[in-house]
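Analysis of the macromolecular model
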Amino acid sequence: MQTTTACKCESGLCAVRNRELPESMRLQCAAGNGASVDAMLAHIDAARAKREAERPRAKIRAARQTVKNTKAPCKTCSGKAKTLIDRIASLKNAAVDFFADGMTVATIEQQQERLAICSACPVFKDGWCDSDKGGCGCNLSLKVKARAAYCPQGKWFAHSDNYRPLVKPTRSLIFHIYPKLRAEWNWHWHIEQIRKYQSVFNGKIVIGVAVGRETATMGHVQDLFSGIRVDNWFRSDNDKLAETNTHLSMMEAVKTDDPNAIVFRYHTKGVTKQRGTVEQPWAELLWEANMDIQSVENALASHLTCGAMRSMEPLVKAKPGAFFFAGSAYWFRAKEVFERDWTHTDKTRWWVEYLPSHLFDVKDSACLLYDLTESSVIRSDHFETHIRPEWNAWRLARGIE
Ligand code: SF4
């Protein structure tokens, strides 16, 4: 690392160090404190290298297996019970995030919003995020100050200045139904979820239906939506492309350049599986996590897409850093999607799962619940041992019995 004198760079790209610098560092440089900027950068690089070294899947899995109860594996606390030493370590890890973010402090409004959420949270205890209830054990008056900090239960997220805040968002739904005969227990239930949450969608409700010899008719499905406002219907023949068939038509129906429009997409998850398989609680988790609108809108204030059960293990690694939301239930900011290559599909039934990764970098995404999901294929025992405890902790943090 070179030591520099006063900075003369006019843009964010430092000509001497050949890297982007935050404004706080450029000001330090301009004041002749190049050496301290170099020291900070060295610290940040070391912290990044350490975090990268800690990322291998085996370590993540091992960490999860040590979680014996409902504690979430928060990166700043590793889900352990908190002693004073653990709390100091937790603060140290939070400080690493803080340094990696150029020591950027959240705005007063952002800090106040975070504290308001925390003080109403069942996990809040005497100014601390209570590790006995699935919290991270951090002191909240300190934690909320760092722009890069985030709630271990997905109630508030790291801020970024890259995105315009959402103002009174318009929320739309695009939902694909496969009305398979003898699987009514599944798709009827999904329709009732749409009924239950329809007031969330103050924008459009758009429904796609795949029809074939083995399904109910379009008319029968539409009858079951009695009492639910549907703005657009799309019908497709059911074939091996499944939900990809109605994807572009439904996207076109919610196309907008409104910067405050957000869209949730989902489908009748589990309809091709037997009743009682893991897909049913998985589908319930995805509905519940994605319908916590306060958390969703907090996530989308600083990210372009969010959903539960984010995974870095797609079936096909389309690009380095590819990710997906296991179960393909996710929200996105409409304007940013429709400015990108949203009409592309690869003619497989999995396309909707790949779409977030096709359009966005993983850093543009946020996970609402159970991050680093191991795979898109999950066994029941795995769900009960690993995922349900985190879901329970997520529910506890929202006062849901
Ligand atoms: S779980 Fe989240 S919202 Fe609740 S006290 Fe902890 S940091 Fe705050």
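What you are looking at is a predicted structure, and each value in this text was computed from that prediction instead of being measured.

Calculation notes
- Residues numbered from 1 in each chain as written.
- Predicted model: local features only at pLDDT ≥ 70, side-chain atom pairs only at ≥ 80, totals over all residues.
- Helix = DSSP H or I, 4+ residues; strand = E, 2+ residues; numbered from the N terminus.
- Expected span 1.5 Å × (residues − 1).
- Buried ≥ 20, exposed ≤ 12 C-beta atoms within 10 Å, placed from the backbone.
- Arc of directions from axis to C-beta.
- Contact = placed C-beta atoms within 7 Å.
- Pairing = 2+ DSSP bridges.
- Right-handed = clockwise from strand over helix to strand, strands pointing away.

A look at helix 10 (residues 279-290)
Across its twelve residues, helix 10 extends 16 Å between first and last C-alpha, which sits within 8% of the 16 Å expected from 1.5 Å per residue. Buried within helix 10 we find E279, W282, A283, L285, L286, A289 and N290. In a view along the axis of helix 10, the buried residues occupy a sector of 160 degrees, so they form one face of it. The secondary structure elements touched by the buried residues of helix 10 are strand 8 (261-267), helix 11 (293-301), strand 9 (305-307), strand 12 (330-333) and helix 14 (380-396).

A word on helix 7 (residues 184-197)
Taking 1.5 Å per residue as the helical rise, helix 7 with its 14 residues ought to reach 20 Å, and the 20 Å between its terminal C-alpha atoms agrees with that figure. Within helix 7 the residues assigned to the buried category are N186, W187, H190, I191 and I194. Each buried residue of helix 7 sits inside an arc of 130 degrees when the element is viewed along its axis, so together they form one side. Along helix 7, the residues that are exposed and aim more than 90 degrees away from the buried face are W185, E192 and K196.

Describing the pairing of strand 6 (residues 205-211)
Counting buried positions over the seven residues of strand 6 gives six, a clear majority of the element. Relative to strand 6, strand 5 (residues 170-177) is paired through five bridges, and the arrangement is parallel. Counted as the bridge partner of L173 is I205 from strand 6. Traced from strand 5 through helix 7 to strand 6, the parallel crossover comes out right-handed.

Thoughts on unusual backbone geometry
Of note in the backbone geometry, A242 takes a positive phi value of approximately 45 degrees without being a glycine. Mapped onto the fold, A242 is located in the loop between strand 7 (232-237) and helix 9 (244-253). A positive phi angle, close to 60 degrees, is found at Y370, a residue other than glycine. Turning to its location among the elements, Y370 is positioned in the loop between strand 13 (365-367) and helix 14. Look at Y370 and you get buried, because 26 C-beta atoms sit within 10 Å.

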